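One letter stands for each residue in the lines below.
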Amino acid sequence: MAQDKDGFTPEDIFVTEITHRHLEIMIQVIEMSIRKVAIEGTDRKEPVLRYRNPDHLKQLFSFDIEKKPFEGDILRLIEDLITYCTKTGHPRYFYQFSAGLDMHGLLGSWLMDILNVNTFTYEGAPLFTLMEKFVINEITSLFGYPETSGGIFCPGGSLANGFAINLARYLKFPDVKSDGMNIGAHLIVFISEDAHYSIHKMAALLGIGERNVIAVKTDDFGRMDTAHLLQLIENYSQRPNYHPFMVIGTAGTTVLGTFDPIEEIAAICSKYKLWFHVDAAWGGAAIFSDKYKHHLKGIEKTDSFVWNPSKTLAVPQQCSLLCVRNGLLMKSAHSFGASYLFHDKFYGSGHDLGDTYIQCGRKPDVFKLWMLWKMKGYEGVKYHVNCLLERAEYLTNRIKENENFKLVCEPSYINICFWYIPEAQRGQNIGDIYQEIDKVAPRVGEIMLRNGSAMINWQPLRRFPNFFRFVCCSSAINDSDCDYLLSEIQRIAQDL
C-alpha cells in the first residue's frame, strides 16, 4: 500500500482486523478497569474522587488530537482517565444518578458494545428484539398493566417523559402529527411544583411551551395537592382556547423522594378525560418492596409511566423505559413506514420494533437489564431494593438521635434530606437561622468533594435553606458508611 506524503499508510488509520497487539491492549484495558474501578474504586480507603480544578485537569490529561495516528502510550491515557473519574461504585458515593457497580449489568454492557447491533429490525438483532418484547411484557405485568399494553426503551427518563407528552397530545389532537401545532389553542399540562425539570424542557421541544406547564402546589411532604389540581383543571377548562390534556404525577421526586397520591390523581384524570402519566424514573423500584410498594398504589390505572432501572437497580447507564397502557398507540403516533426498513418480511413484519420508536439507531439496552435480572432473579432484585431502603431507614434513625442534625421532612423513600445545625443555632426555628444554615451544606459538601472523602448533593427548596440530600442507591453502602457520613459532616462543620 502506497504511503501518503506524511509517511503513513491507510492501514495505520483503518484497522481491518484484530491483531495480537489490539487484543493485548484490550485485555490490559479490561484488567486495568477491573483493578482500578471495580476493586480499588470500591475500597473505602480510596477517595471517591481525586478532585482537580478544571484548568489543572486540562494540564494533567492530553486532550489534543493530532494529524497523525497516536503513537504514544494509550494505556497511560486510560489510566489517567480512570484516576480522575468519579467512582460511582464507591460505598461513600451518596450522590444521584448512578446505582453502584453490578458485575452482571457490567458484563451485559460489555457484551452489548462488542456485538454493536442495532435493534430497529428483527434481522438486525434477532435475540435482542425478542428479549425486548419479553422484558417489556414482564415489566408492564409487574406494574399491573393489561396484556394490550406496550413500551419502549428510551435514552433516559427525560426523553421518556417527552415521548409520553407526545402520545398524550396525539391522542387528543391526532392531526398535530401531520399538520403541526396549527390548532390555535394552548395545550395545558399539569405537574406538581416538585416535578422533574425535564417536563418544561420537553414542552418547549414539542412546541407546547413552558408557560403551558402549570405547577400544582404540594404539601409539606412534597406531594401534589389534589384539591389544588382540581381547582386548576376547572379554571383552565373554562378559559377560551385552553385545552388541558394531561396530568403528570411523580413517584419518587428528585429532591425529597416523595410519591404523589397516584390513585387520587387517576380518579381525577378519569373524570376529566385527561391522560395520566407518572414519572417513576426514580421511585419505580419500590414495586419490588413489600413494605414500600403501597406508594405505587393505583399506577395500574395510569395511561403511561417511566421507570429507570439504571437509577436504583445498578443497571449500567442508560436504561430507561416508557410503558404505555394502550400499546397500539405508540405505533400510530410514531410510525412513518420507511419502506427501506419496514416492509413485508419473510419472518413477519410485526417483529420489527423500529417504527414504534422515535429513534432509529438504538442499542439493545434491554440486555443489561435482562442480564442482571436473569442472574439475580426476582428475589435477588427484591433483596437489592430492600438493602437500599434499610440503609435509608438506618440513616434516618441516626439523624433523629443526633442533636447535631435535623430532618427537612420525614422520608418516604431512599432520599434523606437533612441539615447540620451548628451548636449556637440548636433549638431554634429554621426560618430564624436561615442565613447561618444556608452556608453550611455547600461549604461542607465542597470540602468533602475536594478531599474525596464522600460525595453528597445539597440544594435549597422553596422556603428551606440549603440542606444535604443523601441518596442511597447503591447496595454497597452499609451502616458504617452512614455513620461515617454524619461524623465527617460534623467534623468538617465544627472546623469551619
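Quick note: structure is the one above.
All of these numbers come straight from a predicted model, not from anything done at the bench.

Asks: I tried to follow the overall build of the chain on my own but got confused; where do I start?
Replies: Helix and strand counts for the chain stand at 16 helices and 11 strands. Projected onto its principal axes, the C-alpha positions of the chain cover 75 × 65 × 45 Å. Considering the chain as a whole, with its 496 residues, one finds that 51% of them fall into the buried category. Nonlocal contacts in the chain, meaning residues at least 24 apart in sequence, comprise 72% of its contacts between residues at least 6 apart. Seen as two clouds, the 51 positive and the 59 negative side-chain charges of the chain have centres 3 Å apart.

Asks: It is not clear to me how a nonpolar patch on the surface should be interpreted in this structure. Could you clarify?
Replies: On the surface, Ile30, Ile34, Ile39, Leu107 and Trp110 cluster together into a nonpolar patch covering about 440 Å² of accessible area. Sorting elements by how many residues they give to the nonpolar patch places helix H1 (residues 20-39) first, with 3 residues. Exposure remark for Ile34: the relative accessible area of 36% places this residue in the partly exposed category.

Asks: Would you explain the state of the cysteines in this entry?
Replies: Simply put, the disulfide is a covalent bond whose two ends are the sulfur atoms of two cysteines. The full count for this structure, using the stated rule, is 0 disulfides. Here Cys323 is not disulfide-linked; the sulfur of Cys154 is the nearest cysteine sulfur, at 8.9 Å. Of all cysteine sulfurs, the one in Cys472 lies closest to Cys482, which takes part in no disulfide; the gap is 6.2 Å. The class of Cys482 is buried, set by a relative accessible area of 0%.

Asks: Even after reading the chapter, I still don't get the sheet that holds strand S11 (residues 464-471), so can you show me in this structure?
Replies: Remark on secondary structure: sheet strands pair via backbone hydrogen bonds, oriented parallel or antiparallel. The antiparallel open sheet is built from 4 strands, whose spatial order is S8-S9-S11-S10. Taken across any chain shown, the strands that pair with only one partner, and hence form the sheet edges, are strand S8 (405-407) and strand S10 (457-461). Here the average twist between neighbouring strands, direction ignored, is 40 degrees. Looking at chain direction, S8 and strand S9 (residues 415-420) are connected through 3 bridges and run antiparallel. Residue pairing across strands places Lys406 opposite Trp419, the latter belonging to S9. Most of the contacts of helix H15 (residues 440-451) go to S11, to which it runs at about 40 degrees, and overall it touches S9, S10 and S11. Together, S8, S9 and S11 form the strand contacts of helix H16 (residues 479-495), whose direction differs from that of S9 by roughly 25 degrees.

Asks: How should I be thinking about unusual backbone geometry in this particular structure?
Replies: Trans is the prevailing form of peptide bonds, just as negative phi is the prevailing case for residues other than glycine. With an omega of -10 degrees, the peptide bond running from Gln317 to Gln318 counts as cis. The residue Gln318 is located in the loop between helix H11 (309-312) and strand S7 (320-324) in this model. In this model, Asn116 sits at a positive phi of 55 degrees, which is unusual for a non-glycine residue. When you line up the elements, Asn116 lands in the loop between helix H4 (103-115) and helix H5 (126-142). Judged by relative accessible area, Asn116 falls into the exposed class, the value being 61%. Phi is positive for Arg462, which is not a glycine, with a value near 50 degrees. Secondary-structure assignment places Arg462 in the loop between S10 and S11.

Asks: So what exactly am I meant to see when it comes to the packing of helix H9 (residues 226-237) against helix H10 (residues 262-272) here?
Replies: For any two helices packed against each other, one specifies the inter-axial angle together with the distance between the axes. Between H9 and H10, the least distance of the axes is 10 Å, while the angle of their chain directions is 15 degrees. Between H9 and H10, the interaxial angle falls into the category roughly parallel. Crossing hand, H9 versus H10: right-handed. Across from Thr226, Leu229, Leu230, Ile233 and Glu234 in H9, the residues of H10 making contact are Glu264, Ile265, Ile268 and Tyr272.

Asks: Please clarify how the sheet that holds strand S6 (residues 304-307) should be interpreted in this entry.
Replies: The strand order across the open sheet formed by 7 strands is S1-S7-S6-S5-S4-S2-S3, and the pairing between neighbours is mixed. The open sheet has two free edges, formed respectively by strand S1 (150-154) and strand S3 (213-216), since each of these has just one partner strand. Averaged over all pairs of adjacent strands, the angle between their axes in this sheet comes to 20 degrees, without regard to strand direction. The strands touched by helix H12 (residues 327-334) are S1, strand S5 (275-279) and S7; relative to S1, the strand with the most contacts, the crossing angle is about 55 degrees.

Asks: Whenever I open this one, the packing of aromatic side chains confuses me. Can you help?
Replies: Evaluated as defined, the whole model comprises 21 aromatic pairs. Pairing Phe405 with Phe418 gives two aromatic rings, centres 5.8 Å apart and planes at 70 degrees, and the pair type is edge-to-face. Placement of the pair is Phe405 in strand S8 and Phe418 in strand S9, with a sequence separation of 13 residues. Assigned by exposure class, Phe405 and Phe418 land together as buried. An aromatic cluster of three or more residues is present, and its members are Phe143, Tyr145, Phe288, Phe305, Trp307, Trp373 and Tyr378. Positioned above the aromatic ring of Tyr484, the side-chain terminus of Arg92 is 3.7 Å from the ring centre. In this structure, Arg398 is placed above the aromatic ring of Tyr394, and the distance from its NZ or CZ to the ring centre is 4.6 Å.

Asks: What exactly am I supposed to notice about helix H8 (residues 198-205) here?
Replies: Residues spaced three or four apart along an α-helix face the same direction, because each turn holds 3.6 residues. Buried residues of H8: Ser198, Ile199, Met202 and Ala203, and no others. The arc enclosing the buried residues of H8, seen along the axis, measures out at 135 degrees, which places them on a common side. If you follow the buried residues of H8, they end up packed against helix H6 (157-172), strand S2 (186-192), S3 and strand S4 (242-250). Where H8 terminates, the next one or two residues include Gly207, which has phi positive at roughly 85 degrees.

Asks: What am I meant to see in the pattern of salt bridges here?
Replies: Once the charged atoms of two side chains with opposite charge are near each other, the side chains can pair. In this structure the tally under the stated criterion is 27 salt bridges. The residue Asp194 makes a salt bridge to Arg462 at a minimum N-O spacing of 2.3 Å. You can see Asp194 sitting in the loop between S2 and H8 and its partner Arg462 sitting in the loop between S10 and S11, a full 268 residues away along the chain. Since its relative accessible area comes to 10%, Asp194 is described here as buried. Residue Arg462 is classed as partly exposed on the basis of its relative accessible area, which comes to 38%. Residues participating in the shared-partner salt-bridge network are Glu31, Arg35, Lys36, Glu40 and Glu79.

Asks: Is there a simple way to explain the nonpolar core in this structure?
Replies: Side chains that are nonpolar tend, in soluble globular proteins, to be buried together. In this structure, Phe190, Leu322, Leu369, Phe418 and Phe470 are the most contacted members of the largest nonpolar core, which totals 123 residues. At 14 residues, the largest contribution of residues to this core is made by helix H13 (residues 366-401). When sequence neighbours within four positions are dropped, the list of residues in contact with Leu322 reads Gly150, Gly151, Ile152, Cys154, Ala160, Phe163, Ala164, Leu167, His277, Ser304, Phe305 and Val306. In terms of nonpolar packing, the next biggest core, distinct from the first, is built from 13 residues, Cys409, Ile421, Ile433 and Phe464 among them.

Conventions used here
- Residues numbered from 1 in each chain as written.
- Predicted model: local features only at pLDDT ≥ 70, side-chain atom pairs only at ≥ 80, totals over all residues.
- Heavy atoms only, no water.
- Helix = DSSP H or I, 4+ residues; strand = E, 2+ residues; numbered from the N terminus.
- Buried < 20%, exposed > 50% of the residue type's maximum accessible area, 1.4 Å probe, protein only.
- Contact = heavy atoms within 4.5 Å.
- Lys, Arg positive; Asp, Glu negative; His and termini not counted.
- Charge placed at Lys NZ, Arg CZ, Asp CG, Glu CD.
- Patch = residues over 30% accessible without salt bridge, like charges linked within 9 Å, V, L, I, M, F, W, Y side chains within 5 Å.
- Areas by Shrake-Rupley, 256 points an atom, 1.4 Å probe, with all protein chains shown as cover.
- Salt bridge = Lys/Arg side-chain N within 4 Å of Asp/Glu carboxyl O.
- Disulfide = S-S within 2.5 Å.
- Pairing = 2+ DSSP bridges.
- Axes fitted to C-alpha atoms, helices over the stretch in contact; angles between N-to-C directions.
- Parallel < 35°, antiparallel > 145°, perpendicular 65-115°, else oblique.
- Left-handed = near helix turned anticlockwise from the far one by under 90°.
- Phe/Tyr/Trp six-rings, centres within 6.5 Å; stacked < 30°, edge-to-face > 60°.
- Lys NZ or Arg CZ within 6 Å of the ring centre and 35° of its normal.
- Arc of directions from axis to C-beta.
- Core = buried A, V, L, I, M, F, W, Y, C linked by side-chain atoms within 4.5 Å.

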